[in-house]
Amino acid sequence: MDTYISEAIRYVGADDKDIDLFEGQYVVPNGMAYNSYVILDEKIAVMDTIDVRRQSEWLENLTQVLGEKTPDYLIVSHMEPDHAASIKVLAEKYPHMTIVGNAKTFQLIGQFFDLDLAGRTLAVKEGDTLSLGSHTLQFIMAPMIHWPEVMMTYEQSEKVLFTADAFGKFGTLDTQEDWDCEARRYYFNIVGKYGAQVQTLLKKAANLDIRTICSLHGPILKENLGYYIEKYNIWSSYEPEDAGVLVAYASIYGNTRAAALKLAELFREAGVEKVAVTDLAREDMAEALEDAFRYDRMVLAASTYDGGMFPVMEEFLHHLKAKNYQKRTVGLIENGSWAPASGKLMRAFLEGMKNITVVEPTVTIKSSMKEGDLDKLKELVKALA
Ligand code: FEO
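Residues numbered from 1 in each chain as written. Predicted model: local features only at pLDDT ≥ 70, side-chain atom pairs only at ≥ 80, totals over all residues. Heavy atoms only, no water.

Caption draft 1: The pattern of salt bridges, seen in detail. Inspection of every chain in the model, using the stated rule, returns 26 salt bridges. Notably, a salt bridge pairs Arg 54 with Asp 18, separated by 3.0 Å at the nearest N-O pair. A residue pair is termed long-range when its members are at least 10 positions apart, and Arg 54 in the loop between β7 (45-47) and α1 (55-66) and Asp 18 in the loop between β2 (14-16) and β3 (21-22) qualify at 36 residues. Asp 18 gets classed as exposed once you look at its relative accessible area, which sits at 55%. A salt bridge links Asp 242 to Lys 274; the shortest N-O distance between them is 3.6 Å. In this pair, Asp 242 sits in strand β16 (residues 242-250) while Lys 274 sits in the loop between α8 (255-269) and β17 (275-279), placing the two residues 32 residues apart along the sequence. Owing to a relative accessible area of 33%, Lys 274 belongs among the partly exposed residues under this scheme. Through salt bridges that share partners, Asp 16, Asp 18, Arg 53, Arg 54 and Glu 57 make up one connected network. (Salt bridge = Lys/Arg side-chain N within 4 Å of Asp/Glu carboxyl O. Helix = DSSP H or I, 4+ residues; strand = E, 2+ residues; numbered from the N terminus. Buried < 20%, exposed > 50% of the residue type's maximum accessible area, 1.4 Å probe, protein only.)

Okay, here's the thing in structure tokens:
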């Protein structure tokens, strides 16, 4: 874990290895990093606070970096409690510290805390700068990535962009893993709905000379920044990242599952290299959603249940819609013992999304897959080839 940025810009965040669900819903097998930074100059700025879960560790890190000094500014880039929960404790510890945010930030501070900040706030807007001495902070508004008050800060002398949640990932800083997988799962589940806002931000960032990206989660990015920026460009434009298929199934007794697995096998035989299969009832739905966005094609296989879709499929479709799933080609497999209806219902749901092509045929399985169903599965593979 390399958290060195420079002599003047220090990392003071903390890893959270025992959180059960991040944001109350996402499993994080490798924990979560809450990043926070300090810029030491004639004036000292703390760049965001931290989740209350690691507040004491953060305060120790901060005290160690500050020594006898006290911070002049707290820059608040995002008010979600994984970063903002310790604002009150810091504001009370350093009563002369000014809180820097925008109009929306201060509205949210007032909602989250019972805290009198009269005479201690500095409201900034797009393009405003704040000199710390040799370092100058330039503020870049990033509304709805993914809250309305979000802003980024560009430090002009060292060319460091503090990006709030953007470019973050799940997982602690000492986790040895690719950035892509957990950054993608984080992006689509947490930021995915706001592709248009991310596109706007990327256009603004293109005018900056960026040497380092300091996100509020995940590693400090110092090299090959174009790679990460391009991933964000693909993701936020809702274009597929890879040619491949996600086969997502919702099966009661395993018969729909058998059809889904057979279909995956047929895709592989047809030369599709990337085929992901997920059991929506048992596997991480956030990862299924990530794969749905990653690949250009998806097949949904669901049993009929109480005249509707087996509920986990309906839940998955709601997640996809909420995150603006679009520009993909989808195939359907339905199963039903007396009145198969899940195919029609899945199709109707998908028709409510933008630029989704649902191919024919919908494969109908009656109770269990038979030899005769193979041809229909092959037809579906062909339609999605
Ligand atoms: Fe990491 Fe939106 O908070």
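Caption draft 2: Region of interest: the sheet that holds strand β12 (residues 136-141). With mixed pairing, the five strands of this open sheet are ordered in space as β11-β12-β13-β14-β15. Edge positions in the sheet fall to β11 (129-131) and β15 (212-214), since each of these pairs with one other strand and no more. Direction aside, the axes of adjacent strands within the sheet are offset by 20 degrees on average. Bridge count between β12 and strand β13 (residues 151-155): five bridges; the pairing is antiparallel. When the bridges of β13 are listed, Phe 139 appears paired with Thr 153. (Pairing = 2+ DSSP bridges. Axes fitted to C-alpha atoms, helices over the stretch in contact; angles between N-to-C directions.)

Caption draft 3: Highlighting the nonpolar core. By size, the foremost hydrophobic cluster in this structure holds 98 residues, and its most contacted members are Phe 22, Leu 300, Met 313, Phe 316, Leu 317 and Leu 320. In terms of domain composition, this core takes at least three residues from each of domain 1 (9-236) and domain 2 (245-384). In terms of nonpolar packing, the next biggest core, distinct from the first, is built from 24 residues, Ala 8, Ala 33, Ile 39 and Leu 173 among them. (Core = buried A, V, L, I, M, F, W, Y, C linked by side-chain atoms within 4.5 Å. Domains from an automatic or database assignment.)

Caption draft 4: Seen up close, the pairing of strand β18 (residues 295-305). β18 sits mainly inside the fold: nine of its eleven residues count as buried. Inspection of the sheet shows β18 paired to strand β19 (residues 308-309) by two bridges, in the antiparallel sense. Across the sheet, residue Thr 304 finds its bridge partner in β19, namely Met 309. Connecting β18 to the antiparallel partner β19 that follows it, the hairpin turn spans two residues, and Asp 306 within it adopts a positive phi of roughly 55 degrees.

Caption draft 5: The pairing of strand β9 (residues 98-101), seen in detail. Burial along β9 is two-sided: the residues Thr 98 and Val 100 and Ile 99 and Gly 101 are all buried. Taken together, the three bridges between strand β8 (residues 73-75) and β9 define a ladder with parallel strand orientation. Paired with Tyr 73 across the strands is Thr 98, a residue of β9. Across three bridges, the pairing between β9 and strand β10 (residues 121-123) is parallel. Looking at β10, one finds that Gly 101 is bridged to Ala 123. For the segment spanning β9, helix α4 (residues 103-112) and β10, crossover handedness is right-handed. (Right-handed = clockwise from strand over helix to strand, strands pointing away.)

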